[in-house]
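Each chain, written out:
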Amino acid sequence: MSVTGVAVLGATGSIGRSAAQVLERFPERFRVTGLVARSNTAELVRQAEQFRAGITITTDPEKFRELRGALSPSLPCAAGWDPVLELVTAPETDIVLCAIVGTGGLEPVLAALRAGKRVALASKEVLVLAGEVVERTLDASPQAELIPVDSEHSAIFQCLCGRKRAELKTIYLTASGGAFRDWPRERLASATPEDALAHPTWNMGPKVTIDSASLMNKALEMIEARHLFRARPEQIEVLIHPQSIVHSMVELTDSGCIAQLSRPDMRFAIQYALTFPDRVDGGLPELDFRKLLHLDLRLPEPGRYPALDFARAAMRAGGTLPGVLNAANEVAVERFRKGEIRFPSIWEIVGRTMEHHRVEPQQELETIRAADAWARQFAAELQVP
Ligand code: MG
């Protein structure tokens, strides 16, 4: 078997660290061609030494001296975004795992797709901001592959494997409901960041955990699903599923449903994106059927989650509106974490920013970036309770 070269962007975050656990199970199968992170130099160096990474990159030039000083002299390192673009298009890189939080993944992912690489995509923002650009890039680069690393989208990808696109009737994205699933609505105004960070089933980074509580995470995932599976907005539904065992499902034209089940552990989606089309034993935990497996699945209460309505509006309008939803939400989550606004104001900020945006078509990255910057400023200045 030939060795597959893997570059990990966002190596020190929650997904990146899970990816390291997957990669270390298969030293004969994968070689780490590069590791990229921004600020956690200690963890970046730990992984670089463990995998003897081809190159280790900090995207923050101010961290370069610290990185160079901590890393073995025999291991190359660099700083900034240009070396990242070199890494993702290099002949020795076969798979680019992109798990950068925020919008930094956009250019490397497009560059990797243009170079015909497999992109294992965990960064939702890439498809939310530039889903139409990604679709066009994929169509123009027949060798390139885009494989989702979000658990829901990995599930849908697995359910649709080998099926014709015309056979898809509905995508059912499952949602745990987040930390406030069982809270009465009127209590949400008093929710603290600590409350929002107490996720019932998944252990993830802080931004995505708060997004789970507001269901903004599901909103981003609806947009993501639309582009990954070329679905129409009305084909995408959300089901509240507190156990996080059914990672998502599809309904096909004959009204049969296919679901994918596993323990809630990101290593499943990461491993599958790396080994696809093979399924291999990576020592991942099995479902325990000695205990009664109880699965609840229901449509969300109408009106309870404004985030889902925002996603539908963003998908219908397309262009720059999905990116505006994302940018406004990032700012609102930061304002909530700093104690500046109440939890329900996250929705208010996103909704009002979207209302005030003049939608433009998704042509150049410049247009997308300009809309992103406009939305960030608007959301930061908006006065809310
Ligand atoms: Mg997810």
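The structure this text deals with has already been given above.
A brief look at the structure comes next. (Residues numbered from 1 in each chain as written. Predicted model: local features only at pLDDT ≥ 70, side-chain atom pairs only at ≥ 80, totals over all residues. Heavy atoms only, no water.)

1. Things to note about empty space enclosed by the protein
Item 1. Taken as a whole and assessed by the stated rule, the structure comprises three cavities of 30 Å³ or more.
Item 2. Looking at the largest cavity, its volume works out to about 70 Å³.
Item 3. Residue lining of the largest cavity: 13 residues in total, with Ser-151, His-247, Gln-260, Phe-268 and Ala-269 positioned closest to the centre.
Item 4. Only α7 (151-160) and α11 (267-275) provide two or more residues apiece to the lining of the largest cavity. (1 Å grid on protein atoms, 1.4 Å probe; cavity = no way out; pocket = protein on both sides within 12 Å on 5 of 7 lines; lining within 4 Å. Points joined across faces, edges and corners; volume = space filled by probe spheres on them. Helix = DSSP H or I, 4+ residues; strand = E, 2+ residues; numbered from the N terminus.)

2. Things to note about the nonpolar core
A general trend in soluble globular proteins is that nonpolar side chains are found buried together.
Item 1. In terms of nonpolar packing, the biggest core is built from 127 residues, with Leu-9, Val-149, Phe-180, Ile-270, Leu-325 and Phe-343 touching the most fellow members.
Item 2. A per-element tally of this core places helix α13 (residues 321-337) first, with nine residues.
Item 3. Excluding its chain neighbours within four sequence positions, the residues that come into contact with Phe-180 are Leu-188, Ala-191, Asp-195, Ala-196, Ala-213, Arg-304 and Phe-343. (Core = buried A, V, L, I, M, F, W, Y, C linked by side-chain atoms within 4.5 Å. Buried < 20%, exposed > 50% of the residue type's maximum accessible area, 1.4 Å probe, protein only. Contact = heavy atoms within 4.5 Å.)

3. Brief notes about the packing of aromatic side chains
Item 1. Applying the stated criterion across every chain yields a total of nine aromatic pairs.
Item 2. Measuring from ring centre to ring centre gives 4.7 Å for Phe-180 and Phe-343, while their planes differ by 80°; the resulting arrangement is edge-to-face. You can see Phe-180 sitting in the loop between β8 (168-175) and α8 (193-196) and its partner Phe-343 sitting in the loop between α13 and α14 (345-356), a full 163 residues away along the chain. For the pair formed by Phe-180 and Phe-343, the shared burial category is buried.
Item 3. Geometrically, the ring pair formed by Tyr-272 and Phe-276 is edge-to-face, given 5.7 Å between the ring centres and 70° between the ring planes.
Item 4. Chaining the aromatic ring pairs together yields one cluster made of Phe-180, Trp-183, Phe-336, Phe-343 and Trp-347.
Item 5. When the ring centre of Trp-183 is taken as origin, the NZ or CZ atom of Arg-187, which lies over that ring, is 3.7 Å away. (Phe/Tyr/Trp six-rings, centres within 6.5 Å; stacked < 30°, edge-to-face > 60°. Lys NZ or Arg CZ within 6 Å of the ring centre and 35° of its normal.)

4. As for the pattern of salt bridges
Item 1. This structure, assessed with the given rule, holds 27 salt bridges.
Item 2. Note that Lys-124 is salt-bridged to Asp-150, the shortest N-O span being 2.9 Å. Here Asp-150 lies in the loop between β7 (145-148) and α7 and Lys-124 lies in helix α6 (residues 124-140), a separation of 26 residues in the sequence. A single burial state applies to Lys-124 and to Asp-150, both of which are buried.
Item 3. Asp-139 serves as the salt-bridge partner of Arg-230, at 3.2 Å between the closest nitrogen and oxygen. A residue pair is termed long-range when its members are at least 10 positions apart, and Arg-230 in the loop between α10 (216-228) and β9 (236-240) and Asp-139 in helix α6 qualify at 91 residues.
Item 4. The exposure class assigned to Arg-230 is partly exposed, which follows from its relative accessible area of 27%. (Salt bridge = Lys/Arg side-chain N within 4 Å of Asp/Glu carboxyl O.)

5. Things to note about the sheet that holds strand β3 (residues 56-58)
Item 1. The parallel open sheet is built from seven strands, whose spatial order is β4-β3-β2-β1-β5-β6-β7. Single-partner strands in this sheet number two, and they are β4 (77-79) and β7. Each strand axis lies, on average, 20° off the axis of its neighbour in the sheet, ignoring direction.
Item 2. Where strand β6 (residues 118-121) and β7 come together, four bridges link them in parallel fashion. Among the inter-strand pairings, Ala-120 is bridged to a residue of β7, identified as Ile-147.
Item 3. Contacts from α6 reach β6 and β7 within the one sheet, and its direction differs from that of β7 by about 150°. (Pairing = 2+ DSSP bridges. Axes fitted to C-alpha atoms, helices over the stretch in contact; angles between N-to-C directions.)

6. Let's talk about a nonpolar patch on the surface
Item 1. Together, Leu-261, Phe-289, Leu-293, Leu-295 and Leu-297 make up an exposed nonpolar region whose accessible area comes to about 420 Å².
Item 2. Mapped onto the elements of the fold, Leu-297 is located in the loop between α11 and α12 (306-317).
Item 3. Leu-297 sits in the partly exposed class, given a relative accessible area of 37%. (Patch = residues over 30% accessible without salt bridge, like charges linked within 9 Å, V, L, I, M, F, W, Y side chains within 5 Å. Areas by Shrake-Rupley, 256 points an atom, 1.4 Å probe, with all protein chains shown as cover.)

7. A few points about the coordination of the magnesium ion
Item 1. The coordination sphere of the magnesium ion contains the protein donors Asp-150 (OD), Glu-152 (OE) and Glu-221 (OE), at a distance range of 2.1 to 2.3 Å.
Item 2. Sequence spacing among the residues donating to the magnesium ion works out to D-x1-E-x68-E. Across the pair, Glu-152 and Asp-150 agree in class, each one buried. (Donors = N, O, S within 2.8 Å, 3.2 Å for Na, K, Ca; no water.)

8. Description of the side chain of His-153
Item 1. With respect to the element layout, His-153 can be found in helix α7.
Item 2. Ignoring any residue separated from it by four or fewer positions in sequence, one finds His-153 in contact with Pro-148, Leu-173, Glu-221, Glu-224, Ala-225, Leu-228 and Phe-229.

9. Thoughts on the layout of surface pockets
Item 1. Reported here for the second largest pocket is a volume of approximately 450 Å³.
Item 2. Around the second largest pocket, the lining is made up of 17 residues, and of these Phe-157, Leu-160, Arg-165, Leu-228 and Phe-229 lie nearest the centre.
Item 3. Counting residues per element, the ones that place at least two in the lining of the second largest pocket are α6, β7, α7 and α10.
Item 4. Here the lining of the second largest pocket is built from residues that sort into ten nonpolar, two polar and five charged. (Nonpolar A, V, L, I, M, F, W, Y, C, P; charged D, E, K, R; others polar.)

10. As for the pairing of strand β10 (residues 246-252)
Item 1. Among the seven residues in β10, seven count as buried, and that is most of the element.
Item 2. The pairing of β8 with β10 spans five bridges and is antiparallel. Paired with Leu-173 across the strands is Ser-248, a residue of β10.
Item 3. Taken together, the five bridges between β10 and strand β11 (residues 257-261) define a ladder with antiparallel strand orientation. Across the sheet, the residue bridging to Ser-248 is Gln-260, located in β11.

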